[in-house]
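Residues per chain are reported as follows:
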Amino acid sequence: NWSKEWPPQDWPPIQWKMQTGGAVIEQVIVKTTAPSETIKVLFLSANPTNTDRLKLDEEVRAIKHVLVHANIGDRITFVSEWALRINELSEYLLRHQPTIVHFSGHGSVEGKLIFKDERGDAFDVPIEALSRLFAICKNNIRCVLLNACYSITQAEAIAQHIDVVIGMPTEIDDNAAQEFAAEFYKGLVYKRNVQECFDLGCVAIDLHKLTKFCEPRLVCLRYDPKHLYLA
């Protein structure tokens, strides 16, 4: 006799088992976004003056191309904030209330993301501090995509609070970043599960012979990504 409110939305995944006639019936409860809910993608980028120039505009163009040609209407909105400074991040997360946070930029070999400081120079953000920020703003965020070199350490820290996080354990080439992002969102708009969206991105890197430039990693600690849908 489950009511419409069962199970509570903030519960962790639970696997219910019921013994019936000697057979075990299993029902896996996973978090999904309601079909009527609009998904908002917040694209954040930083390319400080004292770092190599990245083709961030090309990555945005590739993502928008997918969204426009998928004929999704207003079900997915895309918002971009450029030249990200460290003191602006919390404001953007709180103001836009995104479902997906996509950061594209540089990462340090120590696993830290690089934003801008007040002067526009490179500023490497402490891993645990950024993870705590996502813990505070986690209510609406379902997925974080870190399209930055050596971002897997940061991804693993954020995954303690967010359902789906993608990071890079090595360097990532501009072209690889673009191809991965475009295919990931293509899977999303065509309602594939998280694992399939991620796999589509990885296959795109292979198809374009960019494997040596990128090895994305999917971090999903609380749910099976094969049964998890963002749209």
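Along each chain, residues carry numbers from 1 onward, in the same order as the chain's sequence is written. Selection of residues for local features in this predicted model requires a pLDDT of at least 70, selection of side-chain atom pairs for listing and counting requires 80 or more, and totals for whole chains, interfaces and linings are taken over all residues. In computing side-chain properties, one takes all heavy atoms of the structure into account and sets aside hydrogens as well as water.

Visitor: Quick question: what am I supposed to make of the pairing of strand β3 (residues 39-46) here?
Guide: Across a regular strand the side chains alternate sides, sitting on one face of the sheet and then on the other. Burial here depends on accessible area, computed with a 1.4 Å probe over protein chains only, as a share of the maximum for the residue type. Under 20% is buried, over 50% is exposed, and the range in between is partly exposed. The helix count covers DSSP runs of H or I at least four residues long, the strand count covers runs of E at least two residues long, and both are numbered beginning at the N terminus. A large share of β3 lies buried, amounting to seven of its eight residues. Should DSSP find at least two bridges between two strands, the strands are taken to pair. Here β3 pairs with strand β4 (residues 76-81) via six bridges, running parallel. Paired with L44 across the two strands is E81, which belongs to β4. Relative to strand β5 (residues 100-107), β3 is paired through six bridges, and the arrangement is parallel.

Visitor: Honestly, unusual backbone geometry in this entry has me stumped. Any pointers?
Guide: Positive phi is not limited to glycine here, since A83 has a value of about 50 degrees. For A83, the location among the structural elements is in the loop between β4 and α2 (89-96). A positive phi angle, near 55 degrees, is found at Y150, a position not held by glycine. As for its placement among the helices and strands, Y150 is situated in the loop between β8 (143-148) and α4 (152-158).

Visitor: Is there a simple way to think about the confidence of the model for the protein chain in this case?
Guide: Parts of the prediction with low pLDDT should not have their coordinates interpreted in detail. Confidence scores here are pLDDT values: one per residue, from the predictor, ranging 0 to 100. With 84% of its residues at a pLDDT of 70 or more, the protein chain shows a mean pLDDT of 87. Taken together, the stretch residues 1-8 has pLDDT below 50 and engages in five contacts with residues farther than four places along the chain or on a different chain. Throughout, a contact is declared for two residues whenever any of their heavy atoms are within 4.5 Å. Every residue in residues 11-20 scores below 50 in pLDDT, and together they form 26 contacts with partners more than four places removed in sequence or on other chains.

Visitor: Where do I start with helix α6 (residues 194-207) in this structure?
Guide: In a helix, the anticipated span is given by 1.5 Å times the number of residues less one. Spanning 14 residues, α6 covers 20 Å between terminal C-alpha atoms, matching the ideal 20 Å at 1.5 Å per step. Where α6 is concerned, the buried positions are V194, Q195, C197, F198, G201, C202, A204 and I205. On its buried side, α6 packs onto β9 (164-167), α5 (174-189) and β10 (217-219). Pairs of N or O atoms are called polar contacts if they sit within 3.5 Å, as long as, within protein, a hydrogen donor faces a hydrogen acceptor (for residues adjacent in sequence, only side-chain-to-side-chain pairs). Here α6 starts with a cap whose side-chain oxygen sits 3.1 Å from the backbone nitrogen of Q195, and that cap is N193. K209 lies just past α6 and shows a positive phi near 60 degrees.

Visitor: What's the story with the packing of α5 against α6 in this structure? I'm lost.
Guide: For any two helices packed against each other, the geometry comes down to the angle between their axes and how far apart the axes lie. In contact at an axis separation of 7 Å, α5 and α6 are set at 145 degrees when each is read in the N-to-C sense. The element α5 and its partner α6 pack so that their crossing is right-handed. In this structure, α5 contributes A176, E179, F180, E183, F184, G187 and L188 to the contact, and α6 contributes C197, F198, L200, G201, C202, A204 and I205. Taken together, the residues of the contact of α5 with α6 break down into ten nonpolar, two polar and two charged. Axis lines are fitted to C-alpha atoms, over the contacting stretch for helices. Their N-to-C directions set the angle, which ranges from 0 to 180 degrees. Handedness of each helix crossing follows the sense of rotation of the near helix against the far helix: counterclockwise by less than a right angle gives left-handed, clockwise gives right-handed. Classes in brief: Ala, Val, Leu, Ile, Met, Phe, Trp, Tyr, Cys and Pro nonpolar; Asp, Glu, Lys and Arg charged; the others, Gly included, polar.

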